[in-house]
Amino acid sequence: MSERNADDLRSQFSRDGFTTQESLVPADLLERVTAHMDAVTAGDYETGRTPNHHRIKPDDATEIIKIDNAHLSDHTLMELVSYPALGAFAATVMDAAMVQVWAVQLLIKPPGGTPSGHVGWHQDFQYWHSKWEPDSEVFTLWVAINDVTADMGPMCMLRGSNQWGFHKDIGDFFDSDIEKHLEQIRGLGAGPIDEVPILLNPGGASLHARLTYHGSAANTSTQPRRSFAIHLRTERSKVLPGAEDSEYVRDLGDLERCPIIYSA
């Protein structure tokens, strides 16, 4: 896909709740990131900082591996998360003067093709609403480390669901029953269910809004699906009063942990 202009990116994001751009991260960095993802997953933390492990050694080998804030444990992963082209892409879409990282998830979806590899439909704000004020401009940049093809359990977006309001009790990242979630979402009657798979080449990225419903099915290919979900904010965001000491938002003033990846 050729490079897209700012108006096209912003229009799609506003209308559909997501947008994409290819060729943001160079191949040499992706190659190094792949090796360092494996190192962190194996427990090798070159900075000496231990990340938050969630599903690092799941009982089922086909479950997704999820490691929170792995970039704090590894210089190469921090290099990826801070890569200038990612910040510029996010700033362009959001028309922002500042973009800051506030949380990161290393994600590896192993091959295997069973329902245990599903990620349930959800809105990111279901997990964020206790930290950020409701109108805060917080969103997710999802970076493909390898090819993301239709058989790899790609992340799927529900087109236009960013306009359906916030439903904190409908959907769950950790529940593999994706059909149940879809029926619940359909029951809202908010709009047509239009599933859009996010297929990307290595180094491509998608950006989605905090209220956009998304999830993924199992990886039926023979290769792992590697990605990073980088949670970002712009200057138009504010932590809820009383939540300043909450995990992920308490370190916003520490730019080594929460780097600003774009500043006008």
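Just so we're clear, the structure is a prediction, and the values are computed from it rather than from any experiment.

(A) Structural context of the overall build of the protein. On a plain count of helices and strands, the protein comes out with 5 helices and 12 strands. A compact globule built from 264 residues should have a C-alpha radius of gyration of about 18 Å, and the protein, at 17 Å, falls within 12% of that. Seen through its principal axes, the protein has C-alpha atoms that stretch 50 × 45 × 40 Å. The proportion of buried residues among the 264 residues of the protein is 54%. Across the protein, the fraction of contacts at a sequence separation of at least 24, relative to all contacts at a separation of at least 6, is 84%. Approximately 11,000 Å² of the protein is accessible, and the part contributed by carbon and sulfur atoms is 48%. One way to put it: in the protein the 22 positive side-chain charges average out to a point 3 Å from where the 38 negative ones average out.

(B) Geometry of the nonpolar core. Formed by 39 residues in total, the largest nonpolar core has its most connected members in Leu141, Val143, Leu207, Phe228, Ile230 and Leu232. Sorting elements by how many residues they give to this core places helix 4 (residues 84–94) first, with 6 residues. The next biggest cluster of nonpolar side chains, apart from the first, holds 14 residues, and it includes Val148, Met155, Phe173 and Ala229.

(C) A look at the pattern of salt bridges. The final tally for this structure, using the stated rule, is 14 salt bridges. A salt bridge links Lys168 to Asp169, with the nearest nitrogen and oxygen atoms 3.6 Å apart. A relative accessible area of 65% places Asp169 in the exposed class. Lys180 is paired through a salt bridge with Asp175; the nearest N and O atoms lie 2.7 Å apart. Sharing partners across several salt bridges, the network here consists of Arg15, Asp16, Arg159 and Asp194.

(D) Local environment of helix 5 (residues 178–186). The complete set of buried residues in helix 5 reads Ile178, His181, Leu182 and Ile185. For helix 5, the angular spread of buried residues about the axis comes to 100°, placing them on one side. Looking at the buried side of helix 5, the elements it contacts are strand 5 (119–122), strand 7 (155–158), strand 8 (195–197) and strand 10 (214–216).

(E) Up close: the packing of helix 1 (residues 6–16) against helix 4. In contact at an axis separation of 8 Å, helix 1 and helix 4 are set at 70° when each is read in the N-to-C sense. Comparing the axis directions of helix 1 and helix 4 gives the class roughly perpendicular. By crossing handedness, the relation of helix 1 to helix 4 is classed as right-handed. Contact residues: helix 1 offers Ala6, Leu9, Arg10 and Phe13, while helix 4 offers Phe89, Thr92, Val93 and Met94. Residues belonging to the contact of helix 1 with helix 4 are distributed by class as follows: 6 nonpolar, 1 polar and 1 charged.

Cut-offs applied
Residues numbered from 1 in each chain as written. Predicted model: local features only at pLDDT ≥ 70, side-chain atom pairs only at ≥ 80, totals over all residues. Heavy atoms only, no water. Helix = DSSP H or I, 4+ residues; strand = E, 2+ residues; numbered from the N terminus. Rg over C-alpha atoms; globule rule 2.2 N^0.38 Å. Buried < 20%, exposed > 50% of the residue type's maximum accessible area, 1.4 Å probe, protein only. Contact = heavy atoms within 4.5 Å. Areas by Shrake-Rupley, 256 points an atom, 1.4 Å probe, with all protein chains shown as cover. Lys, Arg positive; Asp, Glu negative; His and termini not counted. Charge placed at Lys NZ, Arg CZ, Asp CG, Glu CD. Core = buried A, V, L, I, M, F, W, Y, C linked by side-chain atoms within 4.5 Å. Salt bridge = Lys/Arg side-chain N within 4 Å of Asp/Glu carboxyl O. Arc of directions from axis to C-beta. Axes fitted to C-alpha atoms, helices over the stretch in contact; angles between N-to-C directions. Parallel < 35°, antiparallel > 145°, perpendicular 65-115°, else oblique. Left-handed = near helix turned anticlockwise from the far one by under 90°. Nonpolar A, V, L, I, M, F, W, Y, C, P; charged D, E, K, R; others polar.

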